[in-house]
Amino acid sequence: MSTALHLHEDRLFPSDATTRDIARRLYREVAALPIVSPHGHTDPSWFATNAPFANATELLLVPDHYVFRMLYSQGVSLDELGIPRADGSRANVDPRAAWRVFARHFHLFRGTPSSMWLNHVFYEVFGLRQRLDESTADTYYNRITEALQTAQFTPRALFERFNIEVIATTESPLESLEHHQSIVDSGWKGRVITAYRPDPVVDPEHEQFPSALQRFGEITGENVYTWDGYLRAHRQRREFFKRMGATSTDHGHPSAATANLPPDEARKLFDTVVRGGATPAQAELFRAQILTEMAAMSLDDGLVMQIHPGCFRNHNAGLFDRYGRDKGADIPLRTEYVHALKPLLDRFGNDPRLNVILFTLDESTYSRELAPLAGHYPTLFLGPAWWFHDAPEGMWRFREQTLASGGFYNTIGFNDDTRAFLSIPARHDVARRIDCAFLGKLVAEHRMDEDEAVDVAIDLAYRLPKKAYRL
Amino acid sequence: MSTALHLHEDRLFPSDATTRDIARRLYREVAALPIVSPHGHTDPSWFATNAPFANATELLLVPDHYVFRMLYSQGVSLDELGIPRADGSRANVDPRAAWRVFARHFHLFRGTPSSMWLNHVFYEVFGLRQRLDESTADTYYNRITEALQTAQFTPRALFERFNIEVIATTESPLESLEHHQSIVDSGWKGRVITAYRPDPVVDPEHEQFPSALQRFGEITGENVYTWDGYLRAHRQRREFFKRMGATSTDHGHPSAATANLPPDEARKLFDTVVRGGATPAQAELFRAQILTEMAAMSLDDGLVMQIHPGCFRNHNAGLFDRYGRDKGADIPLRTEYVHALKPLLDRFGNDPRLNVILFTLDESTYSRELAPLAGHYPTLFLGPAWWFHDAPEGMWRFREQTLASGGFYNTIGFNDDTRAFLSIPARHDVARRIDCAFLGKLVAEHRMDEDEAVDVAIDLAYRLPKKAYRL
Amino acid sequence: MSTALHLHEDRLFPSDATTRDIARRLYREVAALPIVSPHGHTDPSWFATNAPFANATELLLVPDHYVFRMLYSQGVSLDELGIPRADGSRANVDPRAAWRVFARHFHLFRGTPSSMWLNHVFYEVFGLRQRLDESTADTYYNRITEALQTAQFTPRALFERFNIEVIATTESPLESLEHHQSIVDSGWKGRVITAYRPDPVVDPEHEQFPSALQRFGEITGENVYTWDGYLRAHRQRREFFKRMGATSTDHGHPSAATANLPPDEARKLFDTVVRGGATPAQAELFRAQILTEMAAMSLDDGLVMQIHPGCFRNHNAGLFDRYGRDKGADIPLRTEYVHALKPLLDRFGNDPRLNVILFTLDESTYSRELAPLAGHYPTLFLGPAWWFHDAPEGMWRFREQTLASGGFYNTIGFNDDTRAFLSIPARHDVARRIDCAFLGKLVAEHRMDEDEAVDVAIDLAYRLPKKAYRL
């Protein structure tokens, strides 16, 4: 049995007719606005080389740990899907066979954001009109794989078709940014910028910290084994990233801890860290101090600071050993912000030159900590519902729980935060629809006039991300 | 004044006409499915002896701490209701007088799940058509008490009338399971199975631990004062429980902590515990180690493992002294899963032979910890909204907060978890209605087609519990 | 551009027609009930002197940290608004100019409770019919400021117009309560009572603790440097407050910790505290012990006890230094109740003479801790959604998350908790509308009959606060 695939024009709007009509009108005002994607993980080489994507499996399944984690949770092995192993090897799997496994299990995604994004891609990008299941697996594989070899499906063609005004990738300070340079050199008009993500050189517990630090020194010519040289190296790379378009830094720490040590203590802590002798508590303190140092640098270079805390990375030890990082085994942690951010805020919290964008994987902090903090400190803004929470329900909770203390104007619009390039329009569309549905409810309940809601909808979809990220 | 009692056919469905119509259609597909009750606390002697229940008060009020805790919270004493005391004595209360107290306070339950369940029982099981209040108290008492003496209201007759396909009770390893045996011997077709709940012999802080341990040795003939003998005793009793129908174990610990100690350390810890010298931290570590030992045994005997953590039992010291356990003074605790489960998961998390079903009383973990864990690990599944959270609102939150990362297929359908036998159909009916309402919203908002929603509704009501519990 | 200001008669009611009709009918039953305001922060001198309020800015902007914190979060300085500094000085700002700044930023409040309350005041109290923005700033300022000079806008006239049956203010034990006395002496019929809030004399970490303690001794004539004298001083002031109408005490501690130390230990701890040598842990223990002492006193004098825990006060160090307390920089903290309250509950939890009303800024405790506690202990009741959570969404969450375990009857109706006198009718109106909307949903989903919902609505709006606060 295969049945029709729909992409209903009213999807995600409340069923109540009054509210739906308002949501529809609001959505009409924002549906066609350009996409601003200030935080994500697409690969700049796609846009630099503009080489066609290989096939359906390599494009949509293998890199998307949102997708294969669900299959894995129901007993599908990563080898069956051809996911690369940590040692670079890979099970000898026909990509078409892997796609069939995926198709056979597609019902697992019912109701999840993955199913919404994927169906949007199937319908809008590839023109498919039957649902994906075992019976349509081959049709899907063929249609998608063939399309990808055509000129309209190259990365740059899709970028333009998607109406992306600007997209940010995320790179480590050790990256040469050659792809970003070659995009600029090519004369192509697409705006692909980078963001400064220093995790490997600021996290003493990162498995590559020693080698990353060494490379950091080689690239910058600084003696990064002294505190001053290390900080100078950061300033230098931040300047370079800025020249390559960066307007922001990104910090993915286990917690939101910040510190503001006296210079001598910071120096001593750094010495301990570079000697490789840091205890877990010292490693935590070091990362905490780095956030404050980064804020200090932002005052000078104007880079917006993103803090993405609260994830236990690579929780599945066996899977990590065999397949390495980013295999769908990252799990959110309870996260505290009020005490954690105070050292940084005591130093810079009232300085209008600093923009700090806070994210969370702990929704219990929305109304309790984050909205009250952002609703007071001029430096603080709230990033959107993130990662495990970017489903329609999660986005709705974000608005419901941040509105009272934070309002709309201490939030910054949407981040797609994805490496699944084809899903970017789907993700922004979902965010715009949910914001319009939420605003529609406020209008229907007479808490806001419709002209105000239009204004807010456009702010959330377009103006606020540009302003918050200084784009 | 007494007014009509209603049991509206559309109860619990959203008021919006479009969504309600869909919910109704979905519900029609599941309303008559047999009840699968894989976790609960009914008394197997009811079905073994098939003796009639005594009267309204003894059946509906005295054993139901959901009900009398609410009366107690508003100043009704337990003696007034005839609740037995810890010493076995009991205030000299006419059960009819106790029922009148209950009736006079029935408005306290407005909007609560207890009122829904009780009204369902009053209406459907006993055919009552006036609301319970002071003026109808005697009518209720008489009607119910008289009915209970008739053949259609014996435990077995109700079991059949309720269309229960299988029900699990919960027993300690010290139980003889004679009632389960006598049900089998009787030739009656009702399927009443047990579940292995070892709390008294695995919790060093249980007040009966020393005597329970001694009895554990007597029953099994093992030297349970050695670690190896103790583990063999568990294996033996698990086998026996399995022969008496058990397909699962159940673990009600204060936290979700697991441990994976080297055998020598486990042995030493056990020695400390049996000598009665365990500190609270050692007791916690011992319970944590036991969960991992139980998982190891499940690999061999195939019993599904249920973890029910996070309750502060018998919080009211004065009440506990006077009336003993289970008097409505259990209070949920903040509960952590990500670090807590890692030792067990590091050892067995990827082994497809193991099914672990996780429950929580801390709803903040649904989206943050539990759905991400279950949406990754092949061994992990999520039990339904539990205990304090099995109201319509709590069930709705469970779905809204687990769907994005866990989908529907890492959940396992409904548990009624009750000793209130007559309320079992009411409870399953509420769960089915809420799932249909939730799915109806997804269909109305064009996130799923209706045929898919039908499939999911049947999975949640019937197929998933059978599969998850290996029934 | 300026556009019409609306105050729609159906505001805050769900858009679904069936539910809205029910909500409307319920609201009709409660809309005109007198206001009972058992907890708040209005200034008793307003009612004692009945002097006119100065102007729009002094009345509506300067004292309302809900309002100016939002402006501050978007870069408006407190000096621009004329907020007084800690040293008593004040930027030389024309109040009309400050009002214009406020008007220019009024869009920041879209969707927030502040905008609802303010628009209600503008529309109902001052008859304004255009929205506040830059173009209408002067019209607003003039209209409001002029009205305030007229007899209908004096504090007492407004009190009567607002149909306030009773209002409680909050005072420290060091206050003379002269304004309360003079209200009584004046013969005016308005009932303005006090509440006993001993923070400065019970919190060793309060910056005024040493001087407050000294003054406490002077006022009471007790030797407050001995434990017994100190406790006698409390009893004496509580009696005095009670004579001035108080029916409650109020305790704003950082956590909900309670303690029940043996008398000797309490005495020793007190000695350490008064010598100024308390560590943070000892200060916390002292505050914890005080809660239990206050409960003991409540058994004798019958004052209802309010516990308002979980706020990090004055989080912004720079702002605190320059502008002092209560400048919008209070941030909620994660709060634990189950272990924290046990010492007090072990001692008094079953005593019907004691009413303890619990509040929280940590919504994750509603369903997990607070509703289960209040749904069991006869002494415990739940205060309404508080402070950061008194928006429509927060009130709705409160009901949704406390109903199952606590019902409606372990809650106590609404507190406006405000110093923004003019917004009091608006705040009560919002609470009544949300409760009617919530009840309307229960009726529409056939969980309660409409006559029951009417009864509950009246209880929540009027009867329960009077009963819980013994008014």
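Residues numbered from 1 in each chain as written. Chains lettered and ligands numbered in written order. Predicted model: local features only at pLDDT ≥ 70, side-chain atom pairs only at ≥ 80, totals over all residues. Heavy atoms only, no water.

### Side note on the packing of helix α12 (residues 227-243) of chain A against helix α13 (residues 263-274) of chain A
Residue and element names in this part refer to chain A. At their nearest, the axes of α12 and α13 sit 9 Å apart, and the two run at 90 degrees to each other. By the criterion of interaxial angle, the relationship of α12 to α13 is roughly perpendicular. Contact with α12, carried on its side by Trp227, Asp228 and Tyr230, involves Pro263, Ala266, Arg267 and Phe270 of α13 and no other residues of that element. Grouping the constituent residues of the contact of α12 with α13 by class yields five nonpolar, no polar and two charged. (Axes fitted to C-alpha atoms, helices over the stretch in contact; angles between N-to-C directions. Helix = DSSP H or I, 4+ residues; strand = E, 2+ residues; numbered from the N terminus. Parallel < 35°, antiparallel > 145°, perpendicular 65-115°, else oblique. Contact = heavy atoms within 4.5 Å. Nonpolar A, V, L, I, M, F, W, Y, C, P; charged D, E, K, R; others polar.)

### Considering the relation of the copies chain C and chain B
Of the two same-sequence chains, chain C is brought onto chain B (RMSD 0.0 Å, axial shift 0.0 Å) by a rotation of 120 degrees. As the rotation angle and translation indicate, the two copies are arranged about a three-fold axis. Take the interface residues of chain C: only 6% of them recur as interface residues in chain B, which is what a contact between different surfaces looks like. (Least-squares fit on C-alpha atoms with pLDDT ≥ 70 in both.)

### A look at the side chain of Asp330 of chain B
Its place among the elements puts Asp330 of chain B in the loop between α15 (317-323) and β7 (331-332). For Asp330 of chain B, a relative accessible area of 2% gives the class buried. (Buried < 20%, exposed > 50% of the residue type's maximum accessible area, 1.4 Å probe, protein only.)

### Quick look at the relation of the copies chain A and chain B
Mapping one chain copy onto the other needs a rotation about an axis and a shift along that axis. Mapping chain A onto chain B calls for a screw motion: a turn of 120 degrees about the axis and a shift of 0.0 Å along it, with 0.0 Å RMSD after fitting. A distinct binding surface is used by each copy, with only 6% of the interface residues of chain A retained as interface residues in chain B.

### Details of the packing of aromatic side chains
Scanning all chains against the criterion turns up 102 aromatic pairs over all chains. Arranged with centres 5.4 Å apart and planes meeting at 10 degrees, the rings of Phe126 of chain A and Phe153 of chain A form a pair that is stacked. Linking Phe126 of chain A in the loop between α6 (113-125) and α7 (137-148) with Phe153 of chain A in the loop between α7 and α8 (155-161), this pair joins segments that are 27 residues apart in sequence. Under the relative-accessibility criterion, Phe126 of chain A is labelled buried at 5%. Here Trp396 of chain C and Phe438 of chain C contribute two aromatic rings whose centre-to-centre distance is 5.3 Å and whose plane-to-plane angle is 80 degrees, an arrangement assigned as edge-to-face. Placement of Trp396 of chain C in helix α18 (residues 392-406) and of Phe438 of chain C in helix α19 (residues 424-444) is noted, with a sequence separation of 42 residues between them. (Phe/Tyr/Trp six-rings, centres within 6.5 Å; stacked < 30°, edge-to-face > 60°.)

### A word on unusual backbone geometry
Within the chain, Leu177 of chain C stands out as a residue other than glycine whose phi angle is a positive 60 degrees. Relative to the assigned elements, Leu177 of chain C resides in the loop between β2 (164-168) and α9 (178-186).

### Digging into the interface of chain C and chain B
Many structure descriptions define interface size as the accessible area lost when the parts assemble. Each partner contributes residues to the interface: chain C has 47 residues there, and chain B has 50 residues. Taken over both partners, the interface formed by chain C and chain B buries close to 3,900 Å², and the fraction arising from carbon and sulfur atoms is 51%. Three residues stand out in chain C for area buried against chain B, namely Arg368, His376 and Arg447 of chain C, and they jointly supply 20% of the buried area on that side. Between the two partners, chain C and chain B, sit seven salt bridges. Among the salt bridges present, the one from Glu393 of chain B reaches Arg447 of chain C, with a minimum N-O distance of 2.8 Å. Remark: the boundary between chain C and chain B carries 29 residue pairs in polar contact (both at pLDDT 80 or more). Mapped by element, the contributors of at least two residues to the side of chain C that touches chain B are α1 (17-30), α16 (342-348), α17 (365-374), α18, α19 and α20 (450-468) of chain C. Of the residues in the side of chain C that touches chain B, the class split is 17 nonpolar, 15 polar and 15 charged. (Buried area = accessible area lost by both parts, 1.4 Å probe. Salt bridge = Lys/Arg side-chain N within 4 Å of Asp/Glu carboxyl O. Polar contact = N/O pair within 3.5 Å; in protein donor to acceptor, adjacent residues only side chain to side chain.)

### Overview of the interface of chain A and chain B
Contact with chain A, which involves 50 residues of that partner, is made by 47 residues of chain B. Taken over both partners, the interface formed by chain A and chain B buries close to 3,900 Å², and the fraction arising from carbon and sulfur atoms is 51%. Considering only the side of chain A, the residues that lose the most area to chain B are Arg110, His315 and Arg334 of chain A, jointly responsible for 19% of the buried surface there. The closest approach of N and O atoms between Asp455 of chain B and Arg110 of chain A, which form a salt bridge, is 3.0 Å. Within the residue set of the side of chain A that touches chain B, elements represented by two or more residues are α4 (65-73), α6, α15 (317-323), β7 (331-332) and α18 (392-406) of chain A.

### Digging into the domain arrangement of chain A
Residue and element names in this part refer to chain A. Each assigned domain of chain A is listed here: domain 1 (17-52 + 154-468) and domain 2 (53-153). Here the C-alpha centroids of domain 1 and domain 2 sit 27 Å apart. Taken together, the contact pairs 36 residues of domain 1 with 30 residues of domain 2. Approximately 2,700 Å² of surface area, both sides summed, lies buried where domain 1 meets domain 2, with 65% of it carried by carbon and sulfur atoms. Contact with domain 2 buries area across many residues of domain 1, yet Pro52, Tyr323 and Leu422 alone supply 23% of it, more than any other trio. Its salt-bridge partner being Arg322, residue Asp79 comes within 3.0 Å of it at the nearest N-O pair. Counting the contacts that link domain 1 with domain 2 gives nine residue pairs in polar contact (both at pLDDT 80 or more). Counting residues per element, the ones that place at least two in the side of domain 1 that touches domain 2 are α8, α15 and α19 (424-444). (Domains from an automatic or database assignment.)

### Section: the packing of helix α11 (residues 209-220) of chain A against α12 of chain A
When two helices pack together, their arrangement is given by the angle between their axes and by how far apart the axes lie. All names here are of chain A. Running from N to C, α11 and α12 point in directions that differ by 65 degrees, and their axes come no closer than 10 Å. Handedness of the crossing formed by α11 with α12: left-handed. Residues Leu213, Phe216, Ile219 and Thr220 of α11 form the contact with α12, whose own contacting residues are Tyr230, Ala233, His234, Gln236 and Arg237. The residue makeup of the contact of α11 with α12, split by class, is five nonpolar, three polar and one charged. (Left-handed = near helix turned anticlockwise from the far one by under 90°.)

### Description of the pattern of salt bridges
Scanning the entire structure with this criterion turns up 120 salt bridges over all chains. Of the charged contacts, one joins Arg197 of chain C and Asp250 of chain C as a salt bridge, the two residues approaching to 2.6 Å between their closest N and O atoms. Linking Arg197 of chain C in the loop between β3 (192-193) and α10 (199-202) with Asp250 of chain C in strand β4 (residues 248-251), this pair joins segments that are 53 residues apart in sequence. Residue Arg197 of chain C shares its accessibility class with Asp250 of chain C, and that shared class is buried. Residues Arg287 of chain C and Glu284 of chain C are paired through a salt bridge, measuring 2.8 Å at the closest nitrogen-oxygen approach. Residue Arg287 of chain C and its partner Glu284 of chain C are located together in helix α14 (residues 280-301), separated by three residues, close to a single helical turn. Beyond isolated ion pairs, a larger network of salt bridges with shared partners links Arg110 and Arg131 of chain A together with Asp449, Asp451, Glu452, Asp455, Asp459 and Arg463 of chain B.

### Notes on the side chain of Asp416 of chain B
Residue and element names in this part refer to chain B. Take Asp416: it is sitting in the loop between α18 (392-406) and α19 (424-444). We note that Asp416 is buried and unpaired, the nearest opposite charge coming from Arg427 at a distance of 6.0 Å. In this structure the side chain of Asp416 is engaged in a polar contact, spanning 2.6 Å, whose partner is the side chain of Ser37. Looking at Asp416, its side chain comes within polar contact range of the side chain of His428, at 2.8 Å. (Lys, Arg positive; Asp, Glu negative; His and termini not counted.)

### Comments concerning the sheet that holds strand β4 (residues 248-251) of chain B
Backbone-to-backbone hydrogen bonds join strands into a sheet, with any given pair of strands oriented parallel or antiparallel. All names here are of chain B. Ordered by their spatial adjacency, four strands build an open sheet running β4-β5-β8-β9, and the pairing between neighbours is parallel. The open sheet has two edge strands, β4 and β9 (380-382), and neither has a second partner. Looking at each pair of strands side by side, their axes are set apart by 25 degrees on average, direction ignored. Alignment of strand β8 (residues 356-358) against β9, held across three bridges, turns out to be parallel. Looking across to β9, one finds that Leu358 is bridged to Leu382. (Pairing = 2+ DSSP bridges.)

### Some points on the environment of Gly375 of chain A
Along the polypeptide, Gly375 of chain A turns up in the loop between α17 (365-374) and β9 (380-382). Gly375 of chain A gets classed as buried once you look at its relative accessible area, which sits at 0%. C-alpha separation for the pair Gly375 of chain A and Gly407 of chain A, spaced 32 residues apart in sequence, amounts to 7.4 Å. Excluding residues within four positions of it along the chain, Gly375 of chain A makes contact with Ser405, Gly406 and Asn410 of chain A together with Arg69, Met70 and Ser73 of chain C.

### Quick notes on the sheet that holds strand β4 (residues 248-251) of chain A
Residues and elements named next belong to chain A. One open sheet accounts for four strands, arranged β4-β5-β8-β9; its pairing is parallel. Taken across any chain shown, the strands that pair with only one partner, and hence form the sheet edges, are β4 and β9. On average, each strand axis in the sheet is tilted by 25 degrees relative to the strand beside it, whichever way the strands run. With three bridges joining them, strand β5 (residues 304-307) and strand β8 (residues 356-358) adopt parallel strand pairing.

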